[in-house]
Amino acid sequence: MTEHFLQFMQSEQVINILQALLLLCSGLLLAGLAARAARTLISRSFSQHHAVLAKRLVYWLVLALFAASALKQLGFSLGVLLGAAGVLSVAIGFASQTSASNLISGLFLIGEKPFQLGDVIKMGNTTGEVLSIDLLSVKLRTFDNLFVRIPNESLIKTEMTNLTRFPIRRFDLLIGVAYKENIAKVRQVLFDVADNNPLSLDEPAPAFLFTGFGESSLDIQFSVWAKRENFRDLRNSLQEEVKLAFDEAGIEIPFPHRTLYTGSGNAAFAVALEPKPTAQAPGAPKADDEDQHAKD
């Protein structure tokens, strides 16, 4: 039994299989090391998502070389394999035109660099942080911790907004005040609120814009700048501070009013207020019963 096992282990076929397995294991180890080294080198001169793409490319390239060597060790002809792979690639390309379009769009995104890993982008009704930029799609994590996959072709064809591309952002506060209010006083109160808010930037300075006469209010846009990382805190705190400052200064923020007008030739509406009926205690006689009793 032992002699047959030794003869089996010393056979050429088993030796080739063991050498192929050794090549695959070595390929996995070296591919991981080469990928990490490539990411470290690329990240020194390029963006983070370029480093991630380089890491994946080097990993699969090294692994493919070792896999090809392992197949050759097993007796497979590389020429035949490459020819079959080419035919298969053409067939898959015709069968999956959408994937090919996403692949080409991914190359455009990598070259154009409209966003990077960690940026917050908005596309349609979806807003989230970029987790990865792949050749076929972009992965996002929304603020309610949902995972969203967007095909690259959609990003190329549709308008996309990068919310964190620049270091500062502007918050536009749209507010209305009553017609009786003094615009100069309102302007001064708003600027005082911005000056007292530590998240508001002095440069660019806040801007006051009187946008027009609304149905029930004087419409105003008050624009304040903040650092990108402080934008949400500024938006929340500024609106609360404006409300408190208006209450303290006696400035009215009106709600919509409606006036009924019947024309100059018509008389005014007659308005009559009817008294609210009083509640009767259980078992008490009704008013009609009391009147009948008085007549009797």
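Visitor: Please clarify how the overall build of the protein should be interpreted in this entry.
Guide: In terms of regular secondary structure, the protein is built from 9 helices and 8 strands. Within the protein, the fraction of its 296 residues that count as buried is 28%. Within the protein, counting contacts between residues at least 6 apart in sequence, those at least 24 apart form 62% of the total. A total accessible area of about 20,800 Å² is found for the protein, and carbon and sulfur atoms account for 60% of it.

Visitor: Looking at this structure, I do not really get the nonpolar core. What am I missing?
Guide: As a rule of thumb, nonpolar side chains are buried together in soluble globular proteins. Within the largest apolar cluster, 22 residues are counted, with the highest numbers of intra-cluster contacts made by Val 186, Leu 190, Val 242 and Phe 246. Listing elements by their share of this core, those giving two or more residues are strand 6 (168-177), helix 7 (183-196), strand 8 (218-227) and helix 8 (231-249). With 6 residues, helix 8 is the single largest residue contributor to this core. In contact with Val 186, other than residues within four places in its own chain, are Val 177, Glu 181, Phe 208, Ile 220, Phe 246 and Ile 251.

Visitor: For this particular structure, what's the right way to read the side chain of Ser 200?
Guide: Tracing the chain through its elements places Ser 200 in the loop between helix 7 and strand 7 (207-213). Residue Ser 200 is classed as buried on the basis of its relative accessible area of 10%. Look past the residues within four positions of Ser 200 in its chain and what remains in contact with it is Ala 194, Pro 206, Val 224, Trp 225 and Leu 234.

Visitor: In this structure, what is going on with the confidence of the model for the protein? I would like to understand it.
Guide: Caution is warranted with low-pLDDT regions, since their predicted coordinates should not be read in detail. For the protein, the average pLDDT comes to 80, and 72% of its residues sit at 70 or higher. Strand 8 holds the highest mean pLDDT among the elements of the protein, 96, whereas helix 9 (residues 287-295) holds the lowest, 51.

Visitor: Would you mind going over the sheet that holds strand 1 (residues 120-123) with me for this structure?
Guide: Strand pairing in a sheet relies on backbone hydrogen bonds. The paired strands run either parallel or antiparallel. Strand order in this open sheet of 5 strands is 4-3-2-1-5, and the pairing throughout is antiparallel. With partners counted over all chains shown, the strands left at the sheet margins are strand 4 (147-151) and strand 5 (161-162), one partner each. Strand direction decides the pairing type here: strand 3 (residues 137-142) and strand 4, joined by 5 bridges, are antiparallel. Within strand 4, the position partnered with Lys 139 by the bridge is Arg 149.

Visitor: What should I look at first to understand the sheet that holds strand 8 in this one?
Guide: A sheet is described by the order of its strands in space; here 3 strands give the open sequence 6-8-7, paired in antiparallel fashion. The open sheet has two free edges, formed respectively by strand 6 and strand 7, since each of these has just one partner strand. Each neighbouring strand pair of the sheet contributes to a mean axis angle of 25°, computed without reference to strand direction. Here 10 bridges tie strand 6 to strand 8, and the two strands are oriented antiparallel to one another. Residue pairing in the sheet places Gly 176 in a bridge with Asp 219 of strand 8. Helix 7 rests against strand 6, strand 7 and strand 8 of the sheet, and its axis sits at about 20° to strand 8.

Visitor: Mind showing me how you'd approach helix 8 here?
Guide: In an α-helix there are 3.6 residues to a turn, and that puts residues three or four apart on one side. The first and last C-alpha atoms of helix 8 sit 26 Å apart over 19 residues, in line with the 27 Å expected at 1.5 Å per residue. Residues of helix 8 that are buried: Phe 231, Leu 234, Ser 237, Leu 238, Val 242, Ala 245 and Phe 246. Along the axis of helix 8, the buried residues cluster in a sector spanning 165°; they form a single face. Exposed and facing more than 90 degrees away from the buried side of helix 8 are Glu 240 and Leu 244. Looking at the buried positions of helix 8, the neighbouring elements they touch are strand 6, helix 7 and strand 8.

Visitor: What should I look at first to understand helix 7 in this one?
Guide: Between the first and last C-alpha of helix 7 there are 20 Å, a value that for 14 residues agrees with the 20 Å anticipated at 1.5 Å per step. Of the positions making up helix 7, those classed as buried are Val 186, Val 189, Leu 190, Val 193 and Ala 194. The arc enclosing the buried residues of helix 7, seen along the axis, measures out at 135°, which places them on a common side. Turned more than 90 degrees from where helix 7 packs its buried face, Asp 195 and Asn 196 sit exposed. Packing partners of the buried residues in helix 7 comprise strand 6, strand 7, strand 8 and helix 8. The N-cap of helix 7, judged by a side-chain oxygen 2.8 Å from the amide nitrogen of Ala 184 a few residues on, is Asn 182.

Criteria and thresholds
Residues numbered from 1 in each chain as written. Predicted model: local features only at pLDDT ≥ 70, side-chain atom pairs only at ≥ 80, totals over all residues. Heavy atoms only, no water. Helix = DSSP H or I, 4+ residues; strand = E, 2+ residues; numbered from the N terminus. Buried < 20%, exposed > 50% of the residue type's maximum accessible area, 1.4 Å probe, protein only. Contact = heavy atoms within 4.5 Å. Areas by Shrake-Rupley, 256 points an atom, 1.4 Å probe, with all protein chains shown as cover. Core = buried A, V, L, I, M, F, W, Y, C linked by side-chain atoms within 4.5 Å. pLDDT = per-residue confidence, 0-100. Pairing = 2+ DSSP bridges. Axes fitted to C-alpha atoms, helices over the stretch in contact; angles between N-to-C directions. Expected span 1.5 Å × (residues − 1). Arc of directions from axis to C-beta. Polar contact = N/O pair within 3.5 Å; in protein donor to acceptor, adjacent residues only side chain to side chain.

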